[in-house]
Every structure is written in structure tokens, then in C-alpha cells.
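# Observations on the model geometry
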Amino acid sequence: MFPQLLSLIFSSPSPDLRPVDLLSRVLPHNGEALSGVRIVQEGGARGVQFFSPTQALTFPSSQLFINCPLFPAEFSIVATVKVSHTRMKKNEYLFAVVKEDVDQLLLGMLRVTLGSKPACTSAEQGQLWFDTLKRGLFLCDGAYWHSMLQEKDRLDYVDDYQDLYTTSETLDIELFQIPSVGLFAAMAHRANKPGSAIYLWNHGQFQLYQNISTFKAQAWKQFTIGRKMFLAVSNSVGPVDGERELSVIYRWSNKRLKFVRYQTLETHSARDWEAFHINNEAFLAVANHRTETGNHNIDSVVYKWNPGTKTFEVNQTISTSGAYDWEFFTVGPYHFLAVANAFDGTSTQTDSSIYIWLNGAFQLFQTIRTFGATDWEMFQIGNRVFLALANGHMLCERGPSLYTINSTIYELDMTTKMFLKFQDIVTYSAVDWEFFSVGDEHFLVVANSYDGSSYSLNSVIYRWQGYEGFVPVHRLPTIGCSDWEFFTSAEGSYLMYSSAKAPLSKVFKLRIH
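Since the model is a prediction, treat every value here as computed from it, not as a measurement. (Residues numbered from 1 in each chain as written. Predicted model: local features only at pLDDT ≥ 70, side-chain atom pairs only at ≥ 80, totals over all residues. Heavy atoms only, no water.)

Moving on: the pairing of strand E28 (residues 373–381). Within E28, eight of the nine residues are buried, leaving the element largely enclosed by the surrounding structure. Sheet topology note: the E28/strand E29 (residues 384–391) ladder contains eight bridges and is antiparallel. Its bridge partner lying in E29, Glu 377 is registered against Ala 388. Here E28 hands over to E29 after two residues, with Gly 382 in that stretch at a positive phi of 65 degrees. (Buried < 20%, exposed > 50% of the residue type's maximum accessible area, 1.4 Å probe, protein only. Helix = DSSP H or I, 4+ residues; strand = E, 2+ residues; numbered from the N terminus. Pairing = 2+ DSSP bridges.)

Pasting the structure below:
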């Protein structure tokens, strides 16, 4: 049922409802306790520990609702739970209403998870969710989880935690979980030998888990289709000069406990993969940067999963100019795909585009003038929708390159139905934005990579301050920073960055009070 229960009593001031003390049902009687139940004491507190589900904690609803067979609009639950350890991704209901005789779940009132957020749809409306990692209680309104009771974490400072020495410079990090295995970090290494590496978070540290042959890898993307888990790499060159460039999709093997080669797709100096689902159909978009002859104005491709052949097939091509990044996001019933165009062959001053899914294809929604665009990051604060753009550098046909330029945050305006400029932030050849939250506070961290003379720069964490927008709060020394990733584990919250100029990635621990 759940790891340990110290007490559970239902009560109400209404005379129509009688208290039900479930604890008394499992306490020892005549010196004997139920099988799988024992009394434990820890830190001065005494409680009951369960080793297996027990029918003693179930009861007919007629014992609780005496004069009315209908479920009441209000009632109280008093529960004390101690969880010493639980598997990742595991969740349970603390209180459920089941159909008698068949044990069919009719209503799950309180779900418990370790960090993973359950779905919040009309089917879950009115349900409660307790997150043991965030130590918070949330209520589903049919669309969003609203905090009812949560310990307010605040970011105090950032601490150096782990130096991860790699075999090559790293251009991208992809973090993902594999149930029952753990947290992984796939690193896209520049060097072809020994290729790129996948690390496993083990005892509070990343440790090498698997090497995969890649060719100037630019990025990784993890995604799932049904029960299958995949990992796609964007290779930017062929195995040898003159050969076709092939990016590869790998599949996780539950038997071998590693990623194995699954499908290859021809790409052109691929910079990024984006995976997403629309109407239960799986898609994969590649950002083709340029052809082998140096033409940056080429098609990027949206692939669609064929359930029959169990492979990805071309679904749509989209004209791009030195494409660097795709970002898929959903606002209400609408699906969007934004591309960061970096170079049109003569200038980095070009249009990046946002597409909307209509009639089975992506159609142009809006264009935004950008300067060597390298990354889009979509995030929400409350019901406000934002897009953060990283501008890399300003290069025209004539004149010097400028690396100290504005990157821009745009907000979706529901009246004009367009993304409008919200805030400019000075950056230094920015190549990535990462949004994350700590408690009720929201942050953006930028990857500053080059200022025109040095790669040793401060990358900056900005905190959301409402009307003021994002303000700088922490400056972290980095070397050719290429990517930031935020993650949480049982040990705490972390930021990780990769370097495109040194064979070193770093993990920082967020000190929270």
C-alpha cells in the first residue's frame, strides 16, 4: 500500500459521519499483530510499519457515511507518513475509493510520488498529490496542480560540486531518467574517438556508463514511444571526408542495459533534434545547418513515426537558414515549433520562425528578426507564456563581428496572438538558455561562450522579479560554456554546464534554505 503509516483517522463534525480509526485495526490484539505489521520506534516517535498490503486498512463506505450513500462534499483526513526510501517514478494512492468485491479503483484522492508530476486533467480534477521530494501538497483543478501546502525553498548560493573530465570538448548535455536504472547524462563530444559518452548518476556523482561512436556530435535527444526509449544524436560530419552524414537513433535495451543502434537518417551538419507528440503520434525534427558544399539555406526535416514499420519517415520539410535549434511547445490546444536560424550565407541577421500545427502540418505563425540565433527556451510562469532567444553574434557582409549583443525574452500576447518583446538581456555569444524553479522562485541561466577576445566568461543566473523581469543574482565562471541543464535528485538540486573549449564539464549544487 505505502511504506509506513503512523496514523490515519477520518473525522468530521457532522453527525452523519462517524470517525473511523484504521490504526486500531492493525494494533496488536491479545499480544498478536497482523502478519506483515509491526510496531517501530524512531526518534521518540512510535508507529506502525507495513511490509505488505493488508486488507485490514480497507472498509466499506457504509461504515463512514451512515445516513447518506453519496460521497460528501467535504471531509477531513489526518495522516502522518514517514518514507525512508522509495523507488524513483513510484507513486501510490494513500486514500482510494474502490468498488467492493472487484477492487476496481473509483476515486484516488491522494497520490504520492518522489518528484515525478502526475497528469492533471479533467479525470484527476479535485485530486490531491503529495510530492515527497518537494515536500508539498497540490490540488488538481483539471489543468494545473496548485500548491496548497509546501515548504518554501529559496536559492541561497551555488557551490562547486563535481568536475567531470571528459575525453573531448562537449557541445550539449541531455539529461533523462530510465525507470529502475537511474539518471543519465548524454554528452555530445566534438572528437570522433572514442566518440560521445553517457554517464550515470551514482551515489551523488556522474560516472561513465557507455561510450557511443559519434562524428563531431552536436546534440542528443531522448524520447519515448510507447514503452520503448530512444536516444538520437546529431552528427555534423560523415565518418570520413566525402561520405554521407548520418545521424543515428539508438534504442535502450532492457536486456543489455545499454543503448543499441536502431535507425540512421541522412542529415546535413545537424545541430539539434526535437522530439514531440501530437494527437498520440510521435514526431522527430532535425535542424540541418548546411550542406556539404556550404549552402546554409536548406530544408530541415520533420519525421513521423510509422507504427507499422516501427521507423521514422519524412513527414514535412521546412526551409531554414543555418538552423541551430528546434523548440516544440504547446499552449492550450495549439502546438508550436520554433526554429533558431543562425546564418543565411552572408549575414547572421536573419529571421527565425515560429510554426503552428494546422491541418496535419506546421504552418508559419510568426517571424522574428534574430542575430546568429542559437537557442529557443519556452517556459511558463503562472498562465504567462515566454520564449527566451539566445543570439550568438552579429555578422554582416561588411563590418566586424559583434559578440556582445542583446538576447531577448518574448511573451505571448493573447490579444494580438503574437510573441512580443518582453525584455532584452546583454549576453556574450549566448548559445543556451535554461529555465528552472526552486520553490516559488523562477530562474534563467544563460550560457555565455565568447566576448570577442576570451572564452573565460561569467555565465549568469537571473531571477524572476515580476514587473522588473529577470535580474542577475549569480555569476558563475565558465570556459566556452555550451549548455546548461538543471536537475534534481534525492541528494538535492543541481546545475550542470558543458564546455566547447575544454574537456571539462562541471556540476554545481544549489544551496537552498
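With that settled, the discussion passes to the state of the cysteines. On inspection of all chains with the given rule, the structure shows one disulfide. The partner cysteine of Cys 120 in its disulfide is Cys 140, sulfur to sulfur 2.1 Å. On the sign convention where negative is left-handed, the bridge of Cys 120 and Cys 140, at about 95 degrees about the S-S bond, is right-handed. Taken together, the residues Cys 120 in the loop between strand E7 (104–113) and strand E8 (128–131) and Cys 140 in strand E9 (residues 136–140) connect sequence positions 20 residues apart. In this structure Cys 140 comes out as buried when scored by relative accessible area, which is 2%. (Disulfide = S-S within 2.5 Å.)

The next thing to look at is the environment of Ile 356. Inspection of the secondary structure assignment puts Ile 356 in strand E26 (residues 349–358). Setting aside residues up to four positions removed in sequence, Ile 356 forms contacts with Tyr 334, His 335, Phe 336, Ala 361, Phe 362, Gln 363 and Phe 365. (Contact = heavy atoms within 4.5 Å.)

Bringing the sheet that holds strand E37 (residues 492–499) into the picture now. Strands sit in the order E11-E38-E37-E36 across an open sheet of four strands; the sheet is antiparallel. Edge positions in the sheet fall to strand E11 (155–165) and strand E36 (481–489), since each of these pairs with one other strand and no more. Within this sheet the neighbouring strands show an average axis-to-axis angle of 25 degrees, counted without direction. Alignment of E36 against E37, held across eight bridges, turns out to be antiparallel. Of the residues in E37, the one forming a bridge with Cys 481 is Ser 499. (Axes fitted to C-alpha atoms, helices over the stretch in contact; angles between N-to-C directions.)

Our next topic: the sheet that holds strand E13 (residues 182–189). Spatial ordering of the open sheet is given by E12-E13-E14-E15, a layout of four strands whose pairing is antiparallel. If you trace the sheet from one side to the other, it starts and ends with strand E12 (170–178) and strand E15 (205–212), each paired once. Neighbouring strand axes in the sheet, compared pairwise and without regard to direction, differ in orientation by 25 degrees on average.

We now examine the pattern of salt bridges. Under the definition given, this model contains ten salt bridges. Residues Asp 163 and Lys 506 are paired through a salt bridge, measuring 2.4 Å at the closest nitrogen-oxygen approach. Of the two residues, Asp 163 is situated in strand E11 and Lys 506 in strand E38 (residues 504–512); the sequence distance between them amounts to 343 residues. The class for Asp 163 is partly exposed, based on a relative accessible area of 34%. A salt bridge links Asp 424 to Lys 421; the nearest nitrogen and oxygen atoms lie 3.4 Å apart. On the accessibility criterion, Asp 424 (33% relative accessible area) is partly exposed. Owing to a relative accessible area of 55%, Lys 421 belongs among the exposed residues under this scheme. The structure contains a network of salt bridges with shared partners spanning Asp 160, Asp 163 and Lys 506. (Salt bridge = Lys/Arg side-chain N within 4 Å of Asp/Glu carboxyl O.)

Moving on to the packing of aromatic side chains. In total, this model carries 47 aromatic pairs according to the counting rule given. Between Phe 329 and Phe 336, the ring centres sit 5.2 Å apart and the planes meet at 15 degrees, which makes this aromatic pair stacked. Judged on exposure class, the residue Phe 329 and its partner Phe 336 are both buried. Clustering of aromatic rings is evident, with ring pairs tying together Phe 379, Phe 386, Phe 422, Phe 435, Trp 464 and Phe 470. (Phe/Tyr/Trp six-rings, centres within 6.5 Å; stacked < 30°, edge-to-face > 60°.)

Turning next to unusual backbone geometry. Following Lys 193, the chain continues to Pro 194 via a peptide bond in cis, the omega torsion being 0 degrees. Tracing the backbone through its elements, the reader meets Pro 194 in the loop between E13 and strand E14 (196–202). Even without glycine at this site, Ser 180 takes up a positive phi of about 70 degrees. Structurally, Ser 180 is set in the loop between E12 and E13. For Lys 216, which is not glycine, the phi torsion reads 50 degrees and is therefore positive. Position of Lys 216 among the secondary structure elements: in the loop between E15 and strand E16 (217–225).

This part takes up the confidence of the model for the chain. For the chain, mean pLDDT is 86; residues scoring 70 or higher make up 79% of the total. Here residues 1–13 is modelled with pLDDT under 50, and outside its nearest four sequence neighbours on either side it reaches 50 contacts, counting other chains as well. Overall, residues 85–91 carries pLDDT values under 50, and its contacts beyond four positions in sequence, including any with other chains, amount to 13 contacts. (pLDDT = per-residue confidence, 0-100.)

As a further point, take the pairing of E15. Within a regular strand, side chains alternate between the sheet's two faces. Across seven bridges, the pairing between E14 and E15 is antiparallel. The partner of Ala 197 across the bridge, within E15, is Asn 211.

Attention shifts here to a nonpolar patch on the surface. Residues Leu 139, Met 148 and Leu 149 make up a contiguous nonpolar surface patch of about 300 Å² in total accessible area. You can see Met 148 is positioned in strand E10 (residues 145–150). (Patch = residues over 30% accessible without salt bridge, like charges linked within 9 Å, V, L, I, M, F, W, Y side chains within 5 Å. Areas by Shrake-Rupley, 256 points an atom, 1.4 Å probe, with all protein chains shown as cover.)

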